[in-house]
Structure formats: structure tokens, C-alpha cells
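# Geometric and topological summary
Read off the chains here:
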Amino acid sequence: MTADGWGFETRAIHAGQAPDPATGDVVVPIHQTSTFAQDGVGGLRGGYEYSRSANPTRTALEECLAALEGGSTGLAFASGLAAEDTLLRSVCRPGDHVVVPDDAYGGTYRLIARVLDRWGVTHTAVPLGDLDAVAAATTDRTRLVWCETPTNPLLGVADVAALAAIAHDAGARLAVDNTFASPYLQQPLALGADVVVHSTTKYLGGHSDVVGGALVVADDGLADELRFHQNAMGSIPGPFDSWLVLRGAKTLAVRMERHCDNAEAIVAFLDEHPAVAEVLYPGRPDHPGHAVAARQMRRFGGMVSFRLVGGDEAAVRACGLTQVFTLAESLGGVESLIEHPARMTHASVAGSALEVPADLVRLSVGIETLDDLRADLDRALSP
Ligand SMILES: *Cc1c(COP(=O)(O)O)cnc(C)c1O
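Numbering of residues starts from 1 in every chain and runs along the sequence as written. Only residues with pLDDT of 70 or above have their local features reported here, since the model is predicted, and side-chain atom pairs are shown and tallied only from 80 upward, although totals for entire chains, interfaces and linings are computed over all residues. Working from all heavy atoms in the structure, the side-chain values ignore hydrogens and water.

### Let's talk about the confidence of the model for the chain
Any region with low pLDDT has predicted coordinates that should not be read closely. A score from 0 to 100, pLDDT tells how confident the predictor is in each residue. Chain-level pLDDT for the chain is 96 on average; 99% of the residues reach the 70-or-more range. Across the chain, strand E7 (residues 213-217) holds the top mean pLDDT of 99, while helix H4 (residues 106-115) sits lowest at 93. We count a stretch as a helix when DSSP gives it H or I for four or more residues in a row; a strand needs E for two or more, and each element gets its number in order from the N terminus.

Given below as C-alpha cells:
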């Protein structure tokens, strides 16, 4: 039986991770070496020569990620932004154009608007929910349409299959940042996307102990191009970081189920709470993207945002009063986090089209005991 026939959980635990034939290691070792001995000039024992080009621990992670996303090739990077930079500079030349969501992850927007623009790559920011606007934004120089779904921190939903059709009509590729959903909840390649992007720092790593990124593709020509740039640009993860992400990925399915269980219960709790004005979660039937999310996602994820009746002041106060929810940026770890986007993750976009409401609080709902999470929020929201 090959990984092709395996279910998601089996792929997470076994794809790319067969026991070592010589030693029997059940867990892929951390191959903490920069170089590999050769038997005569060019006589490579296991196909490896230098760890920037390839390292066995990283290969295991890359094969596992490809299997989880249903792609043919996975590539691991030192961070999500390193993965994005390598993708953008692999497919774009001076004069080329990228369509970006008007609520893109801030670091993605900064990379495209302030780094790639110096290399002559232009962009247009559009709301991805408006498919006519996306189609109108493409030009004959558009190489990529960039998609994130669900989005951060407003949890908007984009229709991956519809965006893929628009991108392909324009002769461009669709890249989907799948960080918020994780491959357990959503698999963009099967919906027509050409490239999946991850910050493995988040759900894939899952324990807030590593920064990493990944690209997964199904097209061999694009895979070769990305592999060339991964080696030529060199923003690769070390063996230990690769091992941490691979270890995290093994439990992705069970963690995501609990993240979703807890998030759904927290949404129901916040809905009833007098201090809360509005709850944003794609699992709610009244969410504008609910039908699309229900079609393309297995469940609706562990991220929940809400607005407070008491405005900005109440939001900042609540963020300072929780004890189980840790006040911190980032997301996707086993521990619950709380943050105030307007003053933390999204402070740099104040005054721009990407500005977020000041009364908004974002939760990354972890996998702790639900009663403890509810009691913690109740205390923090009490007058
Ligand atoms: C964190 C994040 C990134 C950037 O990843 P890093 O690992 O921090 O470089 C990109 N996209 C999304 C949606 C993220 O949450």
C-alpha cells in the first residue's frame, strides 16, 4: 500500500517516514549535518551531498507535506515568508503583476508591496469575495492570484474553485495560503489551486516552538522551478526545525478536531454573552462565507474573532485579563492565545484599506479543557 491509498491520519504519521532500513529508527532522525561523505568523486551514498540542497530530515517533511496536501512535491522553508518570497521570485519577472487580497496577511502584503515592487513587480489589491473585481484586476502580465481563506483577523472566506477558474482564464496561477485551515480542513490543490503556501509555524507545527514555511504543488515543471530557487536562494529550514514540524504534523488531525470542537463551543458561549456585540466565525450559518466554507472545508477551524459592546477600551481590557488565554501574537498552537489586532498584529495597517476595527479581539482557540477556556473568557469579559 502506498501513501496514495492512505487516509489523512496515516499519511501524517507515515508518508516520507518509513523506518530506516539500516537502523530501524521508527522516528526519522535529526540529520544534523551540513555535508555527506562521498565514495569516490560524485559517489553519493543516499543521494545527498550538501544540506542546503537537500537533507534527509527535510526530505521526510517535504514528502509528508506533499502527501497531506495531495500534491506531488513539497518544499520546506525557514519561515512562511521565506516560502512566499521564493514562490514570488520564481514565477515573477520585472513588469509582471500579482493580484492580492485587500485583507491579506500583513507580512504577505508588505513583501509584495514593499520588497517585490523594487524588483518591478506590480500588484492590485482587491476584495476576494468580489469575483468580478478579481477578474477585472487581472492583466496579461498577471502571473499569480493570491488567496487566503479564512482570512486574518476578520475570518472572511474566498471561493478557491472560482478564483482558480479566473486565474487560469487570465493565464495566471492561483496560490492559496492555507495556514488558517491547515491541510486537514481544506485542500486547495483539489479545488483547482496551483500552489499551496503554509506558515508551518502555525497549525502544522502546532506547538508554538518553531518558525517554518512550505510550498506544495502538483505540477512537475513548477516543482522543478521552485526546487531550483529553493537551493539558489537558500532560505531552507535546518534539520531540527524540519523535525519539529514533522513531529507536529503527526497529530494534526486530532489537534484540529479538538481546536474545532472548542472553537464552536466558544462561539456559542460568546454569542450569549452580554459584553459581545458580534462573533465572526465561518461556521455560523449567518456568516457571509458560510456556504462556500461548508463546501470547501471539512470543519471551520480554531480561529474566532469578536467585537465588544464596550468598544476599543473593552477589547484592550479583556485582552489583559485572561489567564488561560495567553496575550500573544501568532496562532495555531495547542495553547489558547488572545490578541487585539488593531494594536498588535495589524497595527502597521492602521489608516490603510487593511485597517481592522478597534473593538475586535482575535482568539486562537487551543485544545485545553473547554470549561477552563469558557471560565477564563467569562472572567475577562465581566464588568
Ligand atoms: C504567520 C503567517 C504567515 C507568515 O509566516 P511566518 O512563518 O511568520 O513567516 C503567512 N500567512 C499567514 C496566514 C500567517 O498566519
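Alright, that's what it looks like, and here's the rest.
### Brief notes about helix H9 (residues 239-250)
Here H9 is twelve residues long and its end C-alpha atoms lie 17 Å apart, about the 16 Å a rise of 1.5 Å per residue gives. Note on exposure labels: buried denotes an accessible area under 20% of the residue type's maximum, exposed denotes more than 50%, and partly exposed covers the range between, all computed with a 1.4 Å probe on protein chains only. Every buried residue belonging to H9 is among Pro239, Ser242, Trp243, Leu244, Val245, Leu246, Gly248 and Ala249, and all of these are buried. Helix span, as expected, comes to 1.5 Å for every residue beyond the first.

### Details of the domain arrangement of the chain
The parts lose accessible area when they come together, and the size of an interface is often stated as this lost area. Start and end points for every domain follow an automatic or database-based domain assignment. Split into domains, the chain comes out as domain 1 (8-249) and domain 2 (253-381). Centre-to-centre separation of domain 1 and domain 2, based on C-alpha positions: 26 Å. Residue contacts follow a heavy-atom distance rule, with two residues in contact if any of their heavy atoms lie within 4.5 Å. Facing 34 residues of domain 1, the contacting portion of domain 2 comprises 38 residues. Summed over both sides, the interface of domain 1 with domain 2 buries roughly 2,900 Å², with 62% coming from carbon and sulfur. Throughout, buried area stands for the accessible area (probe radius 1.4 Å) lost by two parts on being put together, summed over both. Considering only the surface of domain 1 that becomes buried against domain 2, Tyr184, Leu185 and Tyr203 emerge as the three largest contributors, covering 27% of it. Just to be clear on terms, a salt bridge is a Lys or Arg side-chain nitrogen sitting within 4 Å of an Asp or Glu carboxyl oxygen. Where domain 1 packs against domain 2, one counts one salt bridge.

### Examining the pattern of salt bridges
Scanning the entire structure with this criterion turns up 19 salt bridges. We note a salt bridge from Glu339 to Arg362, for which the minimum N-O separation is 3.3 Å. Taken together, the residues Glu339 in strand E11 (residues 337-339) and Arg362 in strand E12 (residues 360-364) connect sequence positions 23 residues apart. With relative accessibility at 1%, the residue Glu339 sits in the buried group. Among the ionic contacts, a cluster of salt bridges with common partners joins Glu257, Asp261, Glu264 and Arg299.

### Digging into the site of the ligand
Close to the ligand lie 14 residues; Gly80, Asp177, Ser199, Thr201 and Lys202 are nearest. Between the ligand and Ser199 there is a distance of 2.8 Å, counted from an oxygen atom to a side-chain nitrogen or oxygen. Pairs of N or O atoms are called polar contacts if they sit within 3.5 Å, as long as, within protein, a hydrogen donor faces a hydrogen acceptor (for residues adjacent in sequence, only side-chain-to-side-chain pairs). In the model, an oxygen atom of the ligand is placed 2.8 Å from a nitrogen or oxygen of the Thr201 side chain. Note that accessible areas follow from Shrake-Rupley with a 1.4 Å probe, and for residues the cover is restricted to the protein chains shown. In isolation the ligand exposes 380 Å². Once the protein is present, 92% of that is buried. Per element, the largest residue contribution to the shell around the ligand is three residues, and it comes from helix H3 (residues 80-91). Under the scheme applied here, ten amino acids are nonpolar (Ala, Val, Leu, Ile, Met, Phe, Trp, Tyr, Cys and Pro), four are charged (Asp, Glu, Lys and Arg), and all others, including Gly, are polar. Classifying every residue of the shell around the ligand by side-chain character gives four nonpolar, six polar and four charged. One heavy atom within 4 Å of a molecule or strand is enough for the residue carrying it to be called near that molecule or strand.

### Here we look at the layout of surface pockets
Points on a 1 Å grid over protein atoms alone make up a cavity when a 1.4 Å probe fits among them but cannot get out, and a pocket when they form an open set with protein on both sides within 12 Å along at least five of seven lines; lining residues each have an atom within 4 Å of a point. Grid points are joined across faces, edges and corners, and a volume is the space filled by probe spheres set on the points. Taken as a whole, the largest pocket spans an internal volume of roughly 690 Å³. Leu81, Tyr105, Gly106, Gly107 and Arg110 are the residues nearest the centre of the largest pocket, which is lined by 33 residues in total. At the level of elements, H3, H4 and strand E6 (195-199) are the ones that each hand at least two residues to the lining of the largest pocket. Looking at the lining of the largest pocket, the element that brings in the most residues is H4, giving six residues.

### A look at the sheet that holds strand E8 (residues 276-280)
Reading across the sheet, the five strands line up as E8-E9-E12-E11-E10 and stay open at both edges, with mixed pairing between neighbours. Each edge of the open sheet carries a strand with a single partner, namely E8 and strand E10 (326-327). Axis angles are defined between N-to-C directions and span 0 to 180 degrees, where every axis is a line fitted to C-alpha atoms and, for a helix, only to the segment in contact. Most of the contacts of helix H12 (residues 311-321) go to strand E9 (residues 303-308), to which it runs at about 135°, and overall it touches E9, E10, E11 and E12. Two strands are counted as paired when DSSP detects at least two bridges linking them.

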